[in-house]
Amino acid sequence: MSGRVLVAGGAGFLGSHLCRALCQEGFEVTCLDNLLTGREANIADLLGRRGFSFIKEDTAWLRDGQGTETIGPLDYIFHLASPASPRDYTTWPLETLLANAMGTYNLLQLARHSKARFVLASTSEVYGSPLIHPQLEDYWGNVNPVGVRSCYDEGKRYAEALSMAYFRQGLDVRVVRIFNTYGPGMRGGDGRVIPNFLSQAHAKEPLTIYGDGRQTRSFCYVSDLVVGLQAAMFTRGVSGEVLNLGNPEEVTILELAQLIKRLTGSPSELKFLPGVRDDPPRRCPDIRRANRLLGWKPTISLEEGLTRMLPGETET
Ligand code: UDP
């Protein structure tokens, strides 16, 4: 395949895997990232490669058409530029709101001027503490608009609303709601449960469980998610669609801790800490729509994906 792609947030965990996959497919890729939570190390292997360029700027840099000359013509824009882990977005709430409000606006304007197709990376957090299970795209969610997570939840809900407004004015827009994703390249200190448990298990330190550990999550391995992101962008006839992307294999955090202990052979104990505010008690995607419209479904089980993250295993 060919074409010119902008990946905003391309030096982040997910963005860097996407940039790598797009380069391998033969696209010309520009990665835009302010490195607030992204890291140059994530794209070190791509720097200097033909067809790949990196611009260390914020999405605010695109304001009023600035930057468009530097970037040049574009066919596709992925917007992944936002802090995404609870620790990160509660540390940087204003940056998170602005990346999703002004950043989304600037990127949508760029898409309009370039006549580029646009994919918004939204999140399962738009469902908040869901009252239906598993979560279907038609569910409107149960979000605390003033809680600690609201910078991310409401930021993404605004980004979705803005993207759909552009769609209704003729832009080719697709919205994907990404559920918990894991794999190599997650920042050690980003606070998410899988990197936390893995590093604690390796260090033989207690695995920290917030609350009683009965809350559930459904974890998707990064390579599956990257295939889903590309399908959302490159499949014809899905403009204006909102699609859940995630792995419906649901586990409690306690089960996850026990699985990681077993796979690492770690003697770590489980340490129960106070629960986190507004922590969604259950989360699992209904992915029938993505399966029907994109022909997509994840292929890597949680056990297989975690095994790939262990030291000495092939990190792909
Ligand atoms: N969690 C935990 N221990 C940790 C980190 C997270 O028990 O060291 C829990 C957290 O409270 C949540 C789940 O694991 O219920 C997933 O948290 P994460 O920060 O990975 O992402 P979230 O799904 O909340 O966005």
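S.K.: Now, about the nonpolar core: what can you tell me, with residues and values included?
M.R.: Counting residues in each nonpolar core, the largest one holds 61 residues, and the members touching the most others are F78, L229 and L256. The element that contributes the greatest number of residues to this core is helix α7 (residues 222-234), accounting for eight residues. Residues in contact with L256, not counting those within four places in the same chain, are V193, I194, F197, F219, V251, L302 and L306.

S.K.: Outline the site of the ligand, listing residues and values.
M.R.: Around the ligand, the surrounding shell holds 18 residues, and the nearest of these are N180, T208, R217, D279 and R283. Between the ligand and R217 there is a distance of 2.6 Å, counted from an oxygen atom to a side-chain nitrogen or oxygen. Within the complex, 95% of the 520 Å² of free accessible area of the ligand lies under protein. Counting residues per element, the ones that place at least two in the shell around the ligand are α6 (193-202) and β8 (207-210).

S.K.: Can you lay out the sheet that holds strand β4 (residues 76-79) for me, pointing to particular residues and giving the numbers?
M.R.: Across the sheet, which stays open at both edges, the seven strands sit in the order β3-β2-β1-β4-β5-β6-β11 with parallel pairing between neighbours. Every other strand in the sheet has two partners, leaving β3 (52-55) and β11 (242-245) as the edge strands with one partner each. Strand-to-strand twist across the sheet, computed as the mean angle between neighbouring axes with direction ignored, equals 20 degrees. Bridge count for strand β1 (residues 4-8) against β4 is four bridges, and the pairing is parallel.

S.K.: Just give me the short version of a nonpolar patch on the surface, but keep the residues and values in it.
M.R.: Residues L98, M102 and Y105 make up a contiguous nonpolar surface patch of about 280 Å² in total accessible area. Structurally, L98 can be placed in helix α4 (residues 93-114).

S.K.: So what's going on with the pairing of β1? Residues and values would help.
M.R.: In terms of burial, β1 is a largely internal element, four of the five residues being buried. Where β1 meets strand β2 (residues 28-32), five bridges bridge the pair, whose relative direction is parallel. Its bridge partner lying in β2, V7 is registered against C31.

Conventions used here
- Residues numbered from 1 in each chain as written.
- Predicted model: local features only at pLDDT ≥ 70, side-chain atom pairs only at ≥ 80, totals over all residues.
- Heavy atoms only, no water.
- Core = buried A, V, L, I, M, F, W, Y, C linked by side-chain atoms within 4.5 Å.
- Buried < 20%, exposed > 50% of the residue type's maximum accessible area, 1.4 Å probe, protein only.
- Helix = DSSP H or I, 4+ residues; strand = E, 2+ residues; numbered from the N terminus.
- Contact = heavy atoms within 4.5 Å.
- Near = heavy atom within 4 Å.
- Polar contact = N/O pair within 3.5 Å; in protein donor to acceptor, adjacent residues only side chain to side chain.
- Areas by Shrake-Rupley, 256 points an atom, 1.4 Å probe, with all protein chains shown as cover.
- Pairing = 2+ DSSP bridges.
- Axes fitted to C-alpha atoms, helices over the stretch in contact; angles between N-to-C directions.
- Patch = residues over 30% accessible without salt bridge, like charges linked within 9 Å, V, L, I, M, F, W, Y side chains within 5 Å.
- Salt bridge = Lys/Arg side-chain N within 4 Å of Asp/Glu carboxyl O.

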